[in-house]
Amino acid sequence: IIKNIGNSSISAICFYLIGYSFSFGEDGDDFVGWGGFATSGKMFSGSNNTETGNIVYNGATFAHFLYYFCVLNLVPTIVAGSLSERTHVVAYFVVTFFISIFVIPVVMHWAWSEKGWASYKSRYLMRTGVLDFAGSCVVHVSGGIMALVGAYLVGPRKGRFAGERRSVRMPRQNVTYAALGAFFLWAGFYALNMGTIQNFNGDGVNALGKIAVNTTLCATASAIAVAILGLYREKRIEPYSVVNGICTGLAGSSAGCATMTTEGALITGLLCGSVYFLLSWMLCSAEVDDVTDVWPIHFGGGMVGILSAAFFTTQPFYKIAVLDSGDATPCGAFYVCDGLGWRLFVANLIFFIAVSGWSLVAGLALFLPLRIMSLLRVDKLTEDAGLDFMAGAGVTLKRFN
């Protein structure tokens, strides 16, 4: 509980003071934004003014800030999932601080600002810019890679592996709660993906229904793929794996939910589930203890999502969803549109590689010093007793009595 409250609180303050400016500051360059620190400057007192007494402000920019804070806040929670049950709370908060103040704001600037080198608005990259509509790569690939680095450096939980590449199934929480959490997440993804439109007039509102349908198809197809593969390989359907399949499909939906065909969304979901199943097996084989399968879910789903968007996007859907399509409107590699189809694929591939490299370096820069200073992992006594109990948060009324 303290970890999740701390993640949100630290992210909010960091994004308010500096992070939003690094993401969308109007005075920046193609690498990072600048200006508008702590909601100051012309960005927050622009042309669409509302006067209240002596205060003049741009309400649209404040709404923009709040939405992208919610997007940013996903990443620390993604990373935290892989480190559960053995990581010091101080490490959580240090990692959250740097992710929120610099690591993810820079990536957001690359993809979504006016000047970012990969932005569809600047068109520097392959004349199309990247198509990562709601963050399959910005949020999920980056979070998944940093989670993998953290899980590797913190080491596995006690008793997780028995040697000779043999994993031990650890005790888990209530599967009903896990499934309920997945459905809450599913509902949240409708807000995330549909909210990215940020223009509920004209063509913008027309895209909302399609975004919701594509999000649904990705999630359901991914869950079905995981169930079928589990039945084939293990002769049973594992509930936790199916729940994770839903989450993987949702992560994969974000990049192209507004621009893909429904058939493309269905295929994307099937690929997400298949990739999740493969990467989850690879983690166990490598004896990396990723407690909640963060890397298979978010990296796997995000990778499939960013690349699928570059194949299944159609020109008419792109025009409706993106609104600012520039001189030439791109489409996916499976379609013909003024030679821009393969350009969009190359742009998305370059962006995927760049974000992967950036996230890997950031993960090492964050977790290695914490490990060297012995701030990353709790001591054996605390791990055996349980982090909640040792911190006092797990002392319930029943235990006290």
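Refer to the structure printed above.
Because the structure is a prediction, the values reported are computed rather than measured.

*Asks:* Which residues make up the overall build of the protein, and what values go with them?
*Replies:* When helices and strands are counted, the protein shows 14 helices and two strands. For the protein, with 401 residues in total, the buried portion stands at 52%. Of the contacts made within the protein by residues no fewer than 6 positions apart, 71% connect residues no fewer than 24 positions apart.

*Asks:* Can you break down the nonpolar core residue by residue, with the values?
*Replies:* The biggest cluster of nonpolar side chains holds 87 residues, and the ones touching the most others in it are Met 108, Phe 351 and Phe 367. Examining the composition of this core, we find that 12 residues originate from one element, helix H3 (residues 89–112), more than from any other. Once residues within four sequence positions are removed from consideration, Met 108 is found in contact with Phe 15, Ser 23, Phe 24, Tyr 68, Leu 72, Ser 113 and Val 138. Judged by nonpolar contacts, the second largest core, of nine residues, contains Ile 197, Ala 207, Cys 257 and Ala 258.

*Asks:* Residue-level account of the packing of helix H2 (residues 59–82) against H3, with values.
*Replies:* Where H2 meets H3, the axes come as close as 9 Å, and the angle between the chain directions of the two elements is 130°. Taken together, the axes of H2 and H3 lie oblique to each other. For the pair H2 and H3, the crossing hand works out as right-handed. Counting all contacts with H2, which are made through Tyr 68, Val 71, Leu 72, Val 75, Pro 76, Val 79 and Ala 80, the residues of H3 involved are Tyr 92, Val 95, Thr 96, Ile 99, Ser 100, Ile 104, Pro 105, Met 108 and Trp 112. Considering only residue class, the contact of H2 with H3 consists of 14 nonpolar, two polar and no charged.

*Asks:* Which residues make up the packing of aromatic side chains, and what values go with them?
*Replies:* All chains considered together, the criterion is met by 28 aromatic pairs. Aromatic pair Phe 31 and Trp 358: ring centres 5.8 Å apart, planes at 75°, arrangement edge-to-face. Of this pair, Phe 31 sits in the loop between helix H1 (2–24) and strand S1 (49–52) while Trp 358 sits in helix H11 (residues 341–372), placing them 327 residues apart in sequence. Their ring planes at 10° and their centres at 5.5 Å tell us that Trp 295 and Phe 299 sit as a pair that is stacked. Of this pair, Trp 295 and Phe 299 are both found in helix H9 (residues 294–312), four residues apart, which corresponds to roughly one turn of the helix. Considered together, Trp 295 and Phe 299 belong to a single accessibility category, that of buried residues. Here the aromatic cluster, defined as three or more aromatic residues joined through ring pairs, consists of Phe 15, Tyr 20, Phe 24, Phe 44, Phe 62, Phe 65, Tyr 67, Tyr 68 and Trp 112. Here Lys 210 stacks its cationic end above the ring of Phe 317, 4.0 Å away from the centre of that ring.

*Asks:* Lay out a nonpolar patch on the surface in plain terms, naming residues and giving numbers.
*Replies:* A cluster of nonpolar side chains, namely Ile 2, Val 89, Val 90, Leu 360, Leu 364, Leu 368, Ile 372, Met 373 and Leu 375, defines an oily patch on the protein surface of about 760 Å² accessible area. Mapped by element, the contributors of at least two residues to the nonpolar patch are H3 and H11. No other element matches the four residues that H11 contributes to the nonpolar patch. With respect to the element layout, Met 373 can be found in the loop between H11 and helix H12 (380–385). Taking the relative accessible area as the measure of exposure, Met 373 reaches 51% and is therefore exposed.

*Asks:* Before we move on, could you go through the packing of H2 against helix H5 (residues 175–195) and cite the residues and values that matter?
*Replies:* Closest axis-to-axis distance for the H2/H5 pair is 11 Å, and the angle between their directions is 125°. Classed by the angle they form, the pair H2 and H5 counts as oblique. The way H2 lies across H5 gives a crossing that is left-handed. Facing Tyr 67, Val 71 and Leu 74 of H2, the residues of H5 in contact are Ala 191, Leu 192 and Gly 195. The residue makeup of the contact of H2 with H5, split by class, is five nonpolar, one polar and no charged.

Reading the values: rules and limits
- Residues numbered from 1 in each chain as written.
- Predicted model: local features only at pLDDT ≥ 70, side-chain atom pairs only at ≥ 80, totals over all residues.
- Heavy atoms only, no water.
- Helix = DSSP H or I, 4+ residues; strand = E, 2+ residues; numbered from the N terminus.
- Buried < 20%, exposed > 50% of the residue type's maximum accessible area, 1.4 Å probe, protein only.
- Contact = heavy atoms within 4.5 Å.
- Core = buried A, V, L, I, M, F, W, Y, C linked by side-chain atoms within 4.5 Å.
- Axes fitted to C-alpha atoms, helices over the stretch in contact; angles between N-to-C directions.
- Parallel < 35°, antiparallel > 145°, perpendicular 65-115°, else oblique.
- Left-handed = near helix turned anticlockwise from the far one by under 90°.
- Nonpolar A, V, L, I, M, F, W, Y, C, P; charged D, E, K, R; others polar.
- Phe/Tyr/Trp six-rings, centres within 6.5 Å; stacked < 30°, edge-to-face > 60°.
- Lys NZ or Arg CZ within 6 Å of the ring centre and 35° of its normal.
- Patch = residues over 30% accessible without salt bridge, like charges linked within 9 Å, V, L, I, M, F, W, Y side chains within 5 Å.
- Areas by Shrake-Rupley, 256 points an atom, 1.4 Å probe, with all protein chains shown as cover.
- Salt bridge = Lys/Arg side-chain N within 4 Å of Asp/Glu carboxyl O.

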